[in-house]
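Here are the chains, one letter per residue:
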Amino acid sequence: QVQVVESGGGLVQPGGSLRLSCVVSGGDFARYAEGWYRQAPDNQRERVATIARLGITNYTDSVKGRFTISRDSAASTVYLQMNNLKPEDTAVYYCGVGLTTRTLRWWGQGTPVIVSS
């Protein structure tokens, strides 16, 4: 059974940075694609960034140029570097794992990010 554990969230001032981590265990990391999604209060979960098995990345427009998704295969970990954070980035961030970026099936419990002065 694949397990997904996110970490790295917290409270940050506008303009600040955070790096989220997503550790994947219980499966063959080399076979997987991953994605970061977020859900703000009273909003639907939205896609933030994805990384395909071969490394192709994709971002939602609102985070392009500010967020970077990457992976460390040796550590079975996916990262989301978030720079120039804005209050509208406040949400619970979830990491998803699957065979493709369109079929993410294993999810973590989420890590909260609060951007506020």
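All figures in this text were calculated on a predicted structure; none of them were measured in a lab. (Residues numbered from 1 in each chain as written. Predicted model: local features only at pLDDT ≥ 70, side-chain atom pairs only at ≥ 80, totals over all residues. Heavy atoms only, no water.)

K.L.:
Please explain the side chain of S21 as it appears in this structure.
P.N.:
Mapping S21 onto the fold places it in strand β3 (residues 18-25). Under the relative-accessibility criterion, S21 is labelled buried at 15%. (Helix = DSSP H or I, 4+ residues; strand = E, 2+ residues; numbered from the N terminus. Buried < 20%, exposed > 50% of the residue type's maximum accessible area, 1.4 Å probe, protein only.)

K.L.:
Please explain the packing of aromatic side chains as it appears in this structure.
P.N.:
Two aromatic rings are characterised by how far apart their centres lie and by the angle between their planes. One pass over the structure, following the stated rule, counts two aromatic pairs. Taking NZ or CZ as reference, R45 lies 3.9 Å from the ring centre of Y94, over its face. Above the ring of W107, the side-chain terminus of R45 is found at 5.1 Å from the ring centroid. (Phe/Tyr/Trp six-rings, centres within 6.5 Å; stacked < 30°, edge-to-face > 60°. Lys NZ or Arg CZ within 6 Å of the ring centre and 35° of its normal.)

K.L.:
Is there a simple way to think about the sheet that holds β3 in this case?
P.N.:
As a general point, the strands of a sheet are linked pairwise by backbone hydrogen bonds and lie either parallel or antiparallel. Ordered in space as β1-β3-β8-β7, the four strands form an open sheet in which the pairing is antiparallel. Looking at the sheet topology across the chains shown, the edges are occupied by β1 (3-7) and β7 (67-72). Pairs of neighbouring strands in the sheet enclose a mean axial angle of 15 degrees, with direction left out of account. Across six bridges, β7 lies against strand β8 (residues 77-82) in antiparallel orientation. When the sheet's bridge partners are listed, D72 is paired in β8 with T77. (Pairing = 2+ DSSP bridges. Axes fitted to C-alpha atoms, helices over the stretch in contact; angles between N-to-C directions.)

K.L.:
Where do I start with the nonpolar core in this structure?
P.N.:
Within soluble globular proteins, side chains that are nonpolar tend to cluster in buried spots. Counting 29 residues, the largest nonpolar core has W36, V48, F67, I69, L80, M82 and Y93 as the members making the most contacts within it. For this core, the secondary structure elements donating two or more residues are β3, β5 (46-51), β7, β8, β9 (91-98) and β11 (111-115). (Core = buried A, V, L, I, M, F, W, Y, C linked by side-chain atoms within 4.5 Å.)

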